[in-house]
Amino acid sequence: AMAMNEEKIWSATVLTLFPEMFPGPLGQSLAGNALKNGIWGLETVDIRSFARDKHRSVDDAPFGGGPGMVMRADVLADAVDDVGSNTGRIIYLSPQGRRLDQALARELAEQDGVVLVCGRFEGIDQRDLDGREIEEVSIGDYVLSGGETAALVLLDAVVRLLPGVIGDAAALDEESFAHGLLEYPQYTRPQVWEGREVPEVLTSGHHEKIRAWRLARAEELTRARRPDLWERYLRATKSRG
Ligand code: ADE
């Protein structure tokens, strides 16, 4: 039994045909240190271990014809059922899904964990999605060769939000998207480099002026590059008064 003060850690269970792709890049740096320190947990489930026949097949041709192969409904369902959904949400990474954004990353960081289903081939059987109430999440409008790299992206975005992963929690509040804006430009030494100077205000020591300068740059950048974010920011700023 768990000790009274022992909290269950946020944990990800990844269903994949390529378990060796995990933790991959998340074994390094910020996420890697947090993984080693037990701030989050990662478990992989090899979908192939649920294959039924002697050939251990996990995919088959799509009904109705067409190119590629689809993951068998029964094999994937067995893998999902073995994990159980007690962790909460089950997410299938696919271009058809809800777009991953900072709000979804925050949502997932607040749960106990997540189950991620990675597809290969042309995808998974629709009946798995319907029958196991699996949500679909896309990391962007492009096609990857499998869900694994998308799962790594999602986990990176979520894990860095977990309490204790980033030492300086204030950094999270400063960063891109925290207030719906792109980030202001950063500078460090040397103060003059290749004839280019650091904006004078940043070396003035005048904190209020620095704050105002950074906000102006963030707004300027967002307006020029991301009209979609700019519109939303304007509406949110107005409604706040
Ligand atoms: N699998 C293949 N392409 C993907 C994408 N863009 N997002 C999430 N999962 C995917």
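Quick caveat: nothing in here was measured; it's all calculated off a predicted structure.

(A) Summary view of the sheet that holds strand β5 (residues 90-99). The five strands lie next to each other as β2-β1-β6-β5-β7, forming an open sheet whose pairing is parallel. For this open sheet the edge positions go to β2 (40-46) and β7 (135-138), each flanked by a neighbour on one side alone. Strand-to-strand twist across the sheet, computed as the mean angle between neighbouring axes with direction ignored, equals 35°. Strand direction decides the pairing type here: strand β1 (residues 10-16) and strand β6 (residues 113-117), joined by five bridges, are parallel. Looking across to β6, one finds that A12 is bridged to V114. Packed on one face of the sheet, helix α5 (residues 147-159) meets β1, β2, β5, β6 and β7 and runs near 175° to β1.

(B) How the structure looks around the site of the ligand. The full set of residues close to the ligand is L93, S94, P95, V137, S138, I139, G140, Y142, V143, L144, G146 and A150. For the ligand, a nitrogen atom lies 3.0 Å from a polar atom in the backbone of I139. Between a nitrogen atom of the ligand and a main-chain N or O atom of L144, the distance comes to 3.0 Å. The cavity that encloses the ligand is the largest pocket. Only β5 and β7 provide two or more residues apiece to the shell around the ligand. Among the elements that take part in the shell around the ligand, β5 stands out by supplying three residues, more than any other. Residues of the shell around the ligand, tallied by class, amount to eight nonpolar, four polar and no charged.

(C) Layout of the packing of helix α7 (residues 207-225) against helix α8 (residues 227-240). Packing of α7 against α8 brings their axes to within 6 Å, and their N-to-C directions diverge by 125°. The angle between the axes of α7 and α8 places the two elements in the oblique class. For the pair formed by α7 and α8, the contact residues are L215, E219, T222, R223 and R225 on the first element and P227, L229, W230 and Y233 on the second. Residue classes in the contact of α7 with α8 are distributed as five nonpolar, one polar and three charged.

About the cut-offs
Residues numbered from 1 in each chain as written. Predicted model: local features only at pLDDT ≥ 70, side-chain atom pairs only at ≥ 80, totals over all residues. Heavy atoms only, no water. Pairing = 2+ DSSP bridges. Helix = DSSP H or I, 4+ residues; strand = E, 2+ residues; numbered from the N terminus. Axes fitted to C-alpha atoms, helices over the stretch in contact; angles between N-to-C directions. Contact = heavy atoms within 4.5 Å. Near = heavy atom within 4 Å. Polar contact = N/O pair within 3.5 Å; in protein donor to acceptor, adjacent residues only side chain to side chain. 1 Å grid on protein atoms, 1.4 Å probe; cavity = no way out; pocket = protein on both sides within 12 Å on 5 of 7 lines; lining within 4 Å. Sits in = over half its atoms within 2 Å of the grid points. Nonpolar A, V, L, I, M, F, W, Y, C, P; charged D, E, K, R; others polar. Parallel < 35°, antiparallel > 145°, perpendicular 65-115°, else oblique.

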